[in-house]
Amino acid sequence: ETKPVLIIGAGVSGLALGNFLLREGIGCVVFERRSREYVEHRQRAGVIDTRATRAFRKRGLEDRVGDGVPTEPNLGFRVDGQPRPLGLSVEEHREGRFCPQQVLVRNLISGFRQEGGDLRFDTEVTVEDHENPRVRLGDGSIIEGDFIAGCDGSHGVTRAAVPEDRITRHTHEYGYAWLVILAEVPAHQQTLMAIHRRGFAAQFGRGPQASRFYLQCPLNDTTEDWPDERIWSELGTRFGEPITTKGAIVEKQLVPLRSEVLSPMSHGRLHLLGDAAHIVPPMSAKGMNLALYDADAFADALVHYYKNDDPGLLDAYSDTRLNDVWNYQAFATWFTNTVHDAGDPGDRGEFHHRVARADFERLYTSGTANRLLSEFVAGLA
Ligand code: FAS
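Small disclaimer: the values here were computed from a predicted structure and weren't measured.

For strand E17 (residues 201-205), the buried fraction is high: five of the five residues fall into the buried class. Pairing of strand E16 (residues 191-195) with E17, which is carried by four bridges, proceeds in the antiparallel orientation. Pairing of Ala194 across the sheet is with Ala201, part of E17. Linking E16 to E17, which pair antiparallel, is a turn of five residues; within it Gly199 sits at a positive phi near 125°. Sheet topology note: the E17/strand E18 (residues 211-217) ladder contains five bridges and is antiparallel. Pairing of Gln203 across the sheet is with Phe213, part of E18.

A few words now on the environment of Ser141. Mapped onto the fold, Ser141 is located in the loop between strand E12 (134-137) and strand E13 (142-144). Expressed as a C-alpha distance, the spacing of Ser141 and Val125, which sit 16 residues apart in the sequence, is 9.8 Å. Residue contacts for Ser141: discarding those within four places in its chain leaves Val135 and Arg136. A distance of 2.5 Å separates polar atoms of two side chains, one belonging to Ser141 and the other to Asp139.

The subject of this paragraph is the site of the ligand. Near the ligand there are 33 residues, and of these Ser13, Glu32, Arg42, Gln101 and Asp275 occur at the shortest range. Contact between the ligand and Arg42: an oxygen atom at 2.9 Å from a side-chain N or O atom of the residue. One of the backbone nitrogen or oxygen atoms of Lys286 is found 3.5 Å away from an oxygen atom of the ligand. Across the complex, the protein chains shield 91% of the 1,000 Å² of accessible surface that the ligand would expose by itself. Mapped onto the shell around the ligand, the elements with two or more residues apiece are helix H1 (12-23) and helix H6 (287-308). Of the residues in the shell around the ligand, the class split is 13 nonpolar, 10 polar and 10 charged.

For the rest of this paragraph, the subject is the packing of aromatic side chains. Evaluated as defined, the whole model comprises 17 aromatic pairs. Between Tyr293 and Tyr328 the ring centres are 5.7 Å apart and the planes differ by 65°, which places this aromatic pair in the edge-to-face class. Of this pair, Tyr293 sits in helix H6 while Tyr328 sits in helix H7 (residues 312-341), and the two are 35 residues apart along the sequence. Judged on exposure class, the residue Tyr293 and its partner Tyr328 are both buried. Grouped by ring-pair contacts, the aromatic residues Tyr293, Tyr328, Phe331, Trp334, Phe335 and Phe376 constitute a single cluster.

The next subject is the sheet that holds strand E7 (residues 82-83). Strand order in the open sheet made by the eight strands is E7-E6-E16-E17-E18-E15-E19-E22, with mixed pairing throughout. On the outer flanks of this sheet lie E7 and strand E22 (278-279), each paired with one strand and no other. Against the sheet, helix H5 (residues 228-239) contacts strand E6 (77-79), strand E15 (168-183), E16, E17, E18 and strand E19 (249-263), and its axis sits at roughly 85° relative to E18.

Under the domain assignment used here, the protein contains domain 1 (5-72 + 92-170 + 259-338) and domain 2 (174-257 + 348-369). Domain 1 puts 20 residues into the contact, and the matching count from domain 2 is 19 residues. Both faces considered, domain 1 and domain 2 share a buried interface measuring about 1,700 Å² in area, 61% of it formed by carbon and sulfur atoms. Counting every contact that joins domain 1 to domain 2 gives zero salt bridges. Among the secondary structure elements, those contributing two or more residues to the side of domain 1 that touches domain 2 are strand E4 (69-70) and H7. Residues belonging to the side of domain 1 that touches domain 2 are distributed by class as follows: 10 nonpolar, eight polar and two charged.

Time to look at the state of the cysteines. Taken as a whole and assessed by the stated rule, the structure comprises zero disulfides. With no disulfide of its own, Cys99 has Cys151 as its nearest cysteine by sulfur position, at a separation of 19 Å. Distance from the sulfur of Cys151, which forms no disulfide, to the nearest cysteine sulfur (Cys28) is 10 Å. Taking the relative accessible area as the measure of exposure, Cys151 reaches 6% and is therefore buried.

Here the UniProt feature "domain: FAD-binding" (unreviewed entry) sits at residues 4-328. With 28% helix and 30% strand, the stretch residues 4-328 has end C-alpha atoms that lie 31 Å from each other.

What counts and how
Residues numbered from 1 in each chain as written. Predicted model: local features only at pLDDT ≥ 70, side-chain atom pairs only at ≥ 80, totals over all residues. Heavy atoms only, no water. Buried < 20%, exposed > 50% of the residue type's maximum accessible area, 1.4 Å probe, protein only. Helix = DSSP H or I, 4+ residues; strand = E, 2+ residues; numbered from the N terminus. Pairing = 2+ DSSP bridges. Contact = heavy atoms within 4.5 Å. Polar contact = N/O pair within 3.5 Å; in protein donor to acceptor, adjacent residues only side chain to side chain. Near = heavy atom within 4 Å. Areas by Shrake-Rupley, 256 points an atom, 1.4 Å probe, with all protein chains shown as cover. Nonpolar A, V, L, I, M, F, W, Y, C, P; charged D, E, K, R; others polar. Phe/Tyr/Trp six-rings, centres within 6.5 Å; stacked < 30°, edge-to-face > 60°. Axes fitted to C-alpha atoms, helices over the stretch in contact; angles between N-to-C directions. Domains from an automatic or database assignment. Buried area = accessible area lost by both parts, 1.4 Å probe. Salt bridge = Lys/Arg side-chain N within 4 Å of Asp/Glu carboxyl O. Disulfide = S-S within 2.5 Å. UniProt positions renumbered as here; feature names shortened; annotations may be inferred.

This is the structure:
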């Protein structure tokens, strides 16, 4: 007799997986340690790319992406203070959506519950056994399942449930940090990214009245080094024009840029999805999207297993996903290093600066280079 798929975590990967399985009539339970209020207000990513949007559309779930604004077919770059908009050559890019992550999360929660989904907030669980899947709840009760989906992010419990000698952690530190700011400042364009000798800077809209700003800074900086006035003046310098509306800064944190991949992503009947398995720097705008790609692939594998009694896609899940994850890690590393080294290469020096500048300029002069970037941005590479 079939038991439910036990989904640990109600972030984008866990909620997307729950919605996908419910739509296919596959029983599942989603456990989330935080409150509904908390997860619905956690502001993070902002772009659902074409490939991720198609994963919802192919299951008749495009309404979950809501009325997100279609992504513009260009990236708003500034170089040394001068506007250098970069057109993207892939038409399919337009199927992407500007949709703040918390809006997608809200839509996935209400859609899942409306269709009778079993979603339990304020319920932290631990993995009791990943071969004969069982999770333990805070009250000590045990729930059995057919599979465990580890959708519990980079500080979760599922990656820790795997014996150390059975999992390899590949990490990369970029050598600089971003001061990540959330402010009540409307964005006048979807993306604004500045390449500058003083360092990288960016502004991305997060809904009609908010923006997320990023400022490259040394790893040993702290938020105390960045009072509001310094933030506004440094952004103005790097963008090449003063920031006129200095809205309230509601969030300020320092995020050292890093990449991480855990392999394999499957252990017995436990499968890892999203940040539980991989981390990419926000520059790539692929953190949330890779989580959605994992949910799409794992849902397909489970449907294939239950409908055709064939574990083939489940057995291949880890290898298939890791090939794709490394492809996007390569993109994230190249794009992140290029836009940083083309500005302030730090201790990587002048040679890297000039190579990165040439890499960047080629996106304007070579259709081939531009097409590859555009395919990665759309999620179609
Ligand atoms: P999540 O972390 O979203 O969700 C994991 C969930 O599991 C959490 O709700 C947690 O409470 C829960 N959980 C953990 N342990 C549990 C347990 N034992 N029991 C029950 N529940 C448990 N990505 C982009 O693409 N673009 C961006 O611009 C971007 N900006 C970011 C900015 C910041 C500050 C951060 C932190 C991340 C950013 N990201 C960005 C990446 C981010 O969007 C992640 O890739 C995405 O949230 C991954 O989704 P999940 O894998 O579902 O993990």
